[in-house]
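Coordinates in review
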Amino acid sequence: LVDLCRPSQRRFNLAVTVAGGKDMDAIVVDNKQTGFECIRYLREQRIGTATFLPLDSLQIPTQESAERLRTILEQDGRYRLAADVITCDENMKRAVLYAVGNTVISDTLDAARELCFGRSNAEFRIKSVTLGGAVISKAGTMTGGVTKDDT
């Protein structure tokens, strides 16, 4: 998937990669049957494992849920849906939506914290990724810090 889509601006690179998580390394296939055949081939050849994203059966967020979230986000320039800052061929959009769901990219950790834990958004459980790659999950867990690559 990572080879089939691009962030619309460089500043979103890390956030988009983190938002997509392990699915960014998955292989997009047209349907479940192709996925089964690929897995069978990998098994027969004993050449490892891979994750496949069959476009015909991926569960993606509803258009209504994305629009509800967009309505909240457009009031504040610090936020945008991850799916809205990713460019790809139209036929790959389902794979992108599966990978990032309704994840929100926030400019800063403070903005993400405000969005995810603020009282005005209590009815929504939102996953947010900052431009720096920190994550606040829907369950409320937070991941971030510095890696050796950041120095």
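Preceding this paragraph is the structure being described.
A brief report on the enclosed structure follows. (Residues numbered from 1 in each chain as written. Predicted model: local features only at pLDDT ≥ 70, side-chain atom pairs only at ≥ 80, totals over all residues. Heavy atoms only, no water.)

1. A look at helix α5 (residues 109-117)
Those residues of α5 not exposed but buried are A111, A112, L115 and C116. Here the buried residues of α5 occupy an arc of 120 degrees about the axis, which is enough to place them on one side. Residues of α5 that are buried make contact with α3 (63-73), β4 (79-81), β6 (104-106), β7 (128-130) and β8 (135-136). (Buried < 20%, exposed > 50% of the residue type's maximum accessible area, 1.4 Å probe, protein only. Helix = DSSP H or I, 4+ residues; strand = E, 2+ residues; numbered from the N terminus. Arc of directions from axis to C-beta. Contact = heavy atoms within 4.5 Å.)

2. Examining helix α1 (residues 13-20)
Among the residues of α1, A15, V16, A19 and G20 are the ones counted as buried. Down the axis, α1 shows its buried residues gathered within 125 degrees of arc, on one side only. Buried residues along α1 sit against β1 (5-7), β5 (86-88), α4 (93-100), β6 and β7. Remark: G21 follows α1 within two positions and exhibits a positive phi of approximately 55 degrees.

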